[in-house]
Amino acid sequence: MKDMQAIRDEHRETRESMERYILVALFLIEQRWSYIVSREFREDGITAKQWLFMVILGNVFERPPQCRRWLMP
């Protein structure tokens, strides 16, 4: 793995270069995280995205949502 200072120096030339580097780094981190989490939940039969969706739903609502709210204007 490259030294962080060497990476910064390599992409310091322009703002666009640094932005590209940050986007690629975030993409690679997300891919690695997704792989690790999916591997951990393989025996439960869910993926990282499904697990994250369940976490979000569990924290968004104070009580379970009712379908009637969505169906009635």
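On a predicted model such as this, the values are computed, not experimentally measured, just so you know. (Residues numbered from 1 in each chain as written. Predicted model: local features only at pLDDT ≥ 70, side-chain atom pairs only at ≥ 80, totals over all residues. Heavy atoms only, no water.)

(A) Structural detail: a nonpolar patch on the surface. Judged by side-chain polarity, Trp33, Leu52, Phe53, Val55, Ile56, Leu57, Val60 and Phe61 come together as a nonpolar surface patch covering roughly 690 Å² of accessible area. Within the element layout of this structure, tryptophan 33 appears in helix H2 (residues 15-40). The exposure class assigned to tryptophan 33 is partly exposed, which follows from its relative accessible area of 36%. (Patch = residues over 30% accessible without salt bridge, like charges linked within 9 Å, V, L, I, M, F, W, Y side chains within 5 Å. Areas by Shrake-Rupley, 256 points an atom, 1.4 Å probe, with all protein chains shown as cover. Salt bridge = Lys/Arg side-chain N within 4 Å of Asp/Glu carboxyl O. Helix = DSSP H or I, 4+ residues; strand = E, 2+ residues; numbered from the N terminus. Buried < 20%, exposed > 50% of the residue type's maximum accessible area, 1.4 Å probe, protein only.)

(B) Examining H2 more closely. With 26 residues, H2 ought to run about 38 Å at 1.5 Å a step, and its terminal C-alpha atoms sit 38 Å apart, in line with that. On the buried face of H2, the contacting elements are helix H3 (48-60). (Expected span 1.5 Å × (residues − 1). Contact = heavy atoms within 4.5 Å.)

(C) Seen up close, the packing of aromatic side chains. All chains considered together, the criterion is met by two aromatic pairs. Both rings, one in tryptophan 33 and one in tryptophan 51, keep their centres 6.2 Å apart while their planes meet at 50°; by these two values the pair is tilted. Here the residue tryptophan 33 occupies a position in helix H2, and tryptophan 51 occupies one in helix H3, the gap between them amounting to 18 residues. For the ring pair phenylalanine 41 and tryptophan 51, a centre distance of 5.6 Å and an interplane angle of 25° mean the geometry is stacked. Linking phenylalanine 41 in the loop between H2 and H3 with tryptophan 51 in helix H3, this pair joins segments that are ten residues apart in sequence. For tryptophan 51, a relative accessible area of 28% puts it in the partly exposed group. (Phe/Tyr/Trp six-rings, centres within 6.5 Å; stacked < 30°, edge-to-face > 60°.)

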